[in-house]
Amino acid sequence: MMHKIVNKEKLNPDTYRIEIKAAHIAERFRAGQFVIIRIHDKSERIPLTVSDVDPKKGTVTLIFQVVGKTTLELSILNAGDSILNCVGPLGNPTEIKNFGRLMCIGGGTGIACIYPIVKALAEAGNDVISILGARTENMLILEKEIKKISSQIYISTDDGSRGHHGFVTDVLKSILSESQAAKNINRIIVIGPPQMMKAAADVTRPFQIKTIASLNTIMVDGTGMCGCCRTYVDGEMKLACIDGPEFDAHKVDFDAVISRLSMFREKEVLAYKDFKKRMSSK
């Protein structure tokens, strides 16, 4: 079944938002879940987190950053084009209930993953404090959308071009250092690069605040068949795609997660360069 792209938008130099027809996913999707897409019958399967759905239109919105051959190939498609497969929703959804006050932290394209979670938590009556981080101001995404549904929002950029000059963990540490604030926060959800999630878990651990991290970045097949997303949580082996993608951040072996991400980097770079070379020769 082909899935038509009904809208495409370039959010920054490397990041795109596409809206595709996928009614079977739009009507069943819950915050925290993901899909597997395949552009054509010779392309690889890649997992992408759903950033939004419109059940009435039967569409699913995906935000992705060009980091390899397949995302580069996806980025050259336009509205009116189609992709071959979009399977899902997959993975366990985020636990949504009224926790009271909580924090949601998104870094890089992790902001796209955190958006539907913030939205669902706000609709459940929570007081949501959001912290968004990016390398530079022009890499920041969905700030306006998340600001509308958050009680408070903080921005952090590595180069200081927007908001706090530094990391999201600096902002997190500053908020939690206020004793009353730390007492009032009942849960923290963090999604972004593994190094960022590891640092956030280290910050929240002394405060004993339940912290949830999403390991969607290490998934490949997305169905538990390839084993590439296996990781260790509290010493027990888990598969991020079927056991997660969300886990207790204080129990995740982030060093193993970070190591796993580099396993296929050399082949990914070669595939990317080869495809780009073939594109330029056309």
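Analysis parameters
Think of each chain on its own: its residues are numbered from 1, step by step along the sequence as written. This being a predicted model, a pLDDT of at least 70 is required before a residue's local features are given, and a value of 80 or more before pairs of side-chain atoms are given or counted; all residues contribute to the totals for chains, interfaces and linings. Side-chain measures here rest on the full set of heavy atoms in the structure, leaving out hydrogens and waters. Count a disulfide wherever a pair of cysteine sulfur atoms falls within 2.5 Å. The secondary structure listing takes helices from DSSP runs of H or I that are at least 4 residues long and strands from runs of E that are at least 2 residues long, numbered from the N terminus. Whether a residue is buried, partly exposed or exposed follows from its accessible area with a 1.4 Å probe, protein chains only, as a fraction of its type maximum: under 20%, in between, or over 50%, in that order. Note on contacts: a residue pair is in contact if any heavy atoms of the two residues lie within 4.5 Å. If DSSP finds at least two bridges between two strands, the strands pair. What counts as an axis is a line fitted to C-alpha atoms, over the stretch in contact for a helix, and the angles between N-to-C directions run from 0 to 180 degrees. Any Phe, Tyr or Trp ring, taking Trp's six-membered ring, that has another such ring centre within 6.5 Å forms a pair; planes under 30 degrees apart are called stacked, those over 60 apart edge-to-face, and the others tilted. Along the arc lie the directions from the helix axis toward the C-beta atoms. We define a polar contact as two N or O atoms separated by no more than 3.5 Å, with the added condition that, inside protein, one atom must be a possible hydrogen donor and the other a possible acceptor, whereas residues neighbouring each other in sequence contribute only through side-chain atom pairs. Handedness of a crossover is defined as follows: orient the strands so they point away from the viewer, and if the path from the first strand over the helix to the second runs clockwise, the crossover is right-handed.

> How should the state of the cysteines be read in this particular structure?
Such a bond, covalent and formed between the sulfur atoms of two cysteines, is termed a disulfide. Counting across every chain of the model gives zero disulfides. Of the cysteine sulfurs around Cys-86, a residue in no disulfide, the closest is that of Cys-113, at 15 Å. You can see Cys-104 has no disulfide; the closest cysteine sulfur is in Cys-113, sitting 12 Å from it.

> I keep staring at the environment of Pro-93 and nothing clicks. Help me out?
Looking at the element boundaries, Pro-93 is found in the loop between strand S7 (85–90) and strand S8 (101–107). You can call Pro-93 partly exposed: its relative accessible area is 27%. Once residues within four sequence positions are removed from consideration, Pro-93 is found in contact with Arg-30, Ala-31 and Gln-33.

> Would you explain the sheet that holds strand S13 (residues 211–214) in this entry?
For sheets, the rule is that strands pair by backbone hydrogen bonds, running either parallel or antiparallel. Read from one edge to the other, the open sheet built from seven strands follows the order S11-S10-S9-S8-S12-S13-S16, with strand pairing classed as mixed. One side of each edge strand has no neighbouring strand; the edge strands of this open sheet are strand S11 (164–165) and strand S16 (246–248). Direction of pairing for strand S9 (residues 127–134) relative to strand S10 (residues 152–157): parallel, over a ladder of six bridges. Pairing of Ala-134 across the sheet is with Thr-157, part of S10. Packed onto the sheet, helix H7 (residues 194–204) meets S8, strand S12 (187–191) and S13 and runs at close to 160 degrees relative to S12.

> Explain the sheet that holds strand S4 (residues 46–54) here, please?
On the basis of which strands lie adjacent, the open sheet formed by seven strands has the order S6-S1-S2-S5-S4-S3-S7 and antiparallel pairing. Looking at the sheet topology across the chains shown, the edges are occupied by strand S6 (82–83) and S7. Across four bridges, the pairing between strand S3 (residues 34–38) and S7 is antiparallel. In the strand pairing of S7, Ile-36 is matched with Val-87. Each of S4 and strand S5 (59–65) touches helix H3 (residues 110–123); the most contacted strand, S4, lies at about 40 degrees to it.

> Where do I start with the packing of aromatic side chains in this structure?
One pass over the full model with this rule turns up one aromatic pair. Here Tyr-16 and Phe-64 contribute two aromatic rings whose centre-to-centre distance is 5.8 Å and whose plane-to-plane angle is 20 degrees, an arrangement assigned as stacked. Residue Tyr-16 is located in strand S2 (residues 15–21), and its partner Phe-64 is located in strand S5; the two are separated by 48 residues in the primary sequence. Each member of the pair, Tyr-16 together with Phe-64, is buried.

> For this particular structure, what's the right way to read helix H5 (residues 168–176)?
It helps to recall that an α-helix has 3.6 residues per turn; residues three or four apart then point in one direction. Along H5, the residues that are buried comprise Val-168, Thr-169, Val-171, Leu-172, Ile-175 and Leu-176. The buried residues of H5 occupy one face: seen down the axis, they fall within an arc of 155 degrees.

> Would you explain unusual backbone geometry in this entry?
Negative phi is the rule for most residues except glycine; trans is the rule for most peptide bonds. Of note, the amide linkage connecting Gly-88 to Pro-89 takes the cis form, showing an omega dihedral of 0 degrees. Along the polypeptide, Pro-89 turns up in strand S7. A cis amide bond, omega 15 degrees, links Gly-244 with the succeeding residue Pro-245. Secondary-structure assignment places Pro-245 in the loop between helix H8 (240–243) and S16.

> Quick question: what am I supposed to make of the side chain of Glu-19 here?
Within the secondary structure, Glu-19 sits in strand S2. Residue Glu-19 is classed as buried on the basis of its relative accessible area of 13%. Side chain to side chain, Glu-19 and Lys-57 meet in a polar contact 2.8 Å long. Engagement of the side chain of Glu-19 in a polar contact is seen with the side chain of Thr-59, the distance being 2.7 Å.

> What is the right way to read the pairing of S10 from this model?
Taken residue by residue, a regular strand's side chains alternate between the two faces of the sheet. At this point the chain moves from S9, through helix H4 (residues 143–149), to the parallel S10, and the crossover so formed is right-handed. For S10 and S11, the ladder comprises two bridges, and the chain directions are parallel. Each residue of the ladder has a partner; that of Ser-156, found in S11, is His-164.

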